[in-house]
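Each chain is listed here by its residues.
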Amino acid sequence: MRFIFFFSHKIKNSPAFNFFFLILFSFSSHLTPMADKVRYYLEQSVPELEDLKVKGLFDKNEITMIMRRRTDFEHRITGRGSRPRDYLKYSEFENNLEKLRKKRYTRLSKVGLVDTKPSISDWAGVRRIMFILDRGTKKFPGDQQLWAEYLTYAKDNGAIKVVYKIYSRLLQLQPRNVDAWLSAAKYEFETNANAKGTRLLFQRGLRLNPESTALWLSYAQFELTYISKLLARRKLLGLLTESEQKKETDDMMILPQAETTLNLPDADMSMLGSPETNPALKGDVFLAIFDECVKAKGFDVVEKFLHLIDQFEDLDRDYLYSHVLNYIQREYPDDIGTAFIDITLPIRTSNDGLQLSVNKFLAYKAKNPNKELTNMFVNKLMQIDGNEKVK
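Residues numbered from 1 in each chain as written. Predicted model: local features only at pLDDT ≥ 70, side-chain atom pairs only at ≥ 80, totals over all residues. Heavy atoms only, no water.

**Some details on unusual backbone geometry**
No. 1: At A193, a residue that is not glycine, the phi angle is positive and equals roughly 50°.
No. 2: By secondary structure assignment, the location of A193 is in the loop between helix 10 (178-191) and helix 11 (195-208). (Helix = DSSP H or I, 4+ residues; strand = E, 2+ residues; numbered from the N terminus.)

**Details of the packing of aromatic side chains**
No. 1: Using the criterion set out here, one finds 17 aromatic pairs in the structure.
No. 2: Ring geometry for F202 versus Y219: centroids 5.4 Å apart, planes at 20°, classification stacked. Placement of the pair is F202 in helix 11 and Y219 in helix 12 (residues 213-237), with a sequence separation of 17 residues.
No. 3: A connected cluster of aromatic rings, assembled from ring pairs, spans F189, F202, Y219, F222 and Y226. (Phe/Tyr/Trp six-rings, centres within 6.5 Å; stacked < 30°, edge-to-face > 60°.)

**Digging into the packing of helix 8 (residues 144-156) against helix 9 (residues 160-173)**
No. 1: With their axes 9 Å apart at the nearest point, helix 8 and helix 9 run at an angle of 160° to one another. Between helix 8 and helix 9, the angle is such that the two are roughly antiparallel. Seen along the crossing, helix 8 lies across helix 9 with a hand that is left-handed. Mapping the contact onto sequence places W147, Y150, L151, A154 and K155 in helix 8 and V162, V163, I166, Y167, R169, L170 and L173 in helix 9.
No. 2: Within the contact of helix 8 with helix 9, the residues separate by chemical class into 10 nonpolar, no polar and two charged. (Axes fitted to C-alpha atoms, helices over the stretch in contact; angles between N-to-C directions. Parallel < 35°, antiparallel > 145°, perpendicular 65-115°, else oblique. Left-handed = near helix turned anticlockwise from the far one by under 90°. Contact = heavy atoms within 4.5 Å. Nonpolar A, V, L, I, M, F, W, Y, C, P; charged D, E, K, R; others polar.)

**Thoughts on the environment of T116**
No. 1: Among the structural elements, T116 can be located in the loop between helix 6 (84-110) and helix 7 (121-139).
No. 2: Given the relative accessible area of 48%, T116 is considered partly exposed.
No. 3: Along the sequence, T116 and T106 sit 10 residues apart, while their C-alpha atoms lie 9.7 Å from each other.
No. 4: The contacts of T116, once residues within four sequence positions are left out, are Y105 and S109. (Buried < 20%, exposed > 50% of the residue type's maximum accessible area, 1.4 Å probe, protein only.)

**Comments concerning the confidence of the model for the protein chain**
No. 1: When the pLDDT values of the protein chain are averaged, the result is 85; 81% of them are 70 or greater.
No. 2: The weakest mean pLDDT in the protein chain belongs to helix 1 (residues 9-12) at 44; the strongest belongs to helix 8 at 97.
No. 3: Confidence drops under a pLDDT of 50 for residues 1-12, and excluding neighbours within four residues, the segment shows 26 contacts in the predicted structure.
No. 4: In this model, residues 241-250 is a region of pLDDT below 50 whose contacts with residues beyond four sequence positions or in other chains number 18 contacts. (pLDDT = per-residue confidence, 0-100.)

**Some points on the pattern of salt bridges**
Pairing of side chains with opposite charge becomes possible as their charged atoms draw close.
No. 1: Going through the model one piece at a time under the given rule, you end up with 20 salt bridges.
No. 2: Notably, a salt bridge pairs R104 with E62, separated by 2.8 Å at the nearest N-O pair. Pair noted here: R104 is in helix 6 and E62 is in helix 5 (residues 60-78), with a separation of 42 residues, a long-range link.
No. 3: According to the relative accessible area criterion, R104 is buried, its value standing at 17%.
No. 4: Since its relative accessible area comes to 22%, E62 is described here as partly exposed.
No. 5: Residues E98 and R101 are paired through a salt bridge, measuring 2.9 Å at the closest nitrogen-oxygen approach. Separated by three residues within a single helix, E98 and R101 lie in helix 6, roughly one turn from each other. Per residue, the accessibility class of E98 equals that of R101, and both read buried. (Salt bridge = Lys/Arg side-chain N within 4 Å of Asp/Glu carboxyl O.)

Spelled out as structure tokens, the structure:
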């Protein structure tokens, strides 16, 4: 029989060793291969439990109960009939246990009744929960709830390297999971402020999922959001020269390879300078995404890109609108939607261009009368502010 060979000499000779040894022995009476594996995992928690007892956070009866529950959970997840929810229940139990430990530690430390020197029980709970969820995702790689729980817990505990490993595994195993690509890109940008890594995620995700409109639009929105925040920060801090402008981190996830090629900008492009000296800061990356997306998805996505432009008042929207209009006039000259966009561009964000919009409509009507276009324009006028005057 294999016993606790990995214990240090200190633990073997500690006063509490016999107590933990008896607990383990009582839970290992059936010497099957599965029981041997269960006992191995339980042995890993003995130093942690001894520390909890020494600190006075849990008494003997509570520790016995903890070992009993862990033994039960280990048998469940180790057996052939295990299910994803068994791992979730196990992690929930450990999470509640960790919350109780923290609560007791906080209460006792305020009155000086607990040793505040860092020890194994301070971090063992978090590591155990992650280990349980890691085992769950390896046994059930297709279960989305396990992946979501694992990611949420790692993020909540600030385990950036663990989060990177989780996303790397998830994207390797499920390269067609669009939600996983969106989640990874959002984390990379909003949490790590890594624009280069975010851009690489979107581009690799699109090469593997070129049919996903959600990925195209999210990538486009990211580029507009990034240059908007970048220019606002530089203006606020007075970072006007290239040498003063901050560069992004080089950390990134390990991503699956893709055979599909798209005509998208380099993920490692320079974002230094100003809109006058660097076209990327004017929105040219966004426009490149627009061109590729319309090629892949057709005219139906044009309005969605225009709606994205509408939201960024601090950028040169006229420059972006102009490119979109020129593109569809070149590629879809006879589409009624092209005429409607041309007519309504002056009133997309304000009523100041109302007269110009009406003049454009009259010009189209004189050239080629179209009842459908007339109805579309009238409906648009009814929706804008101040429609009482339009009536």
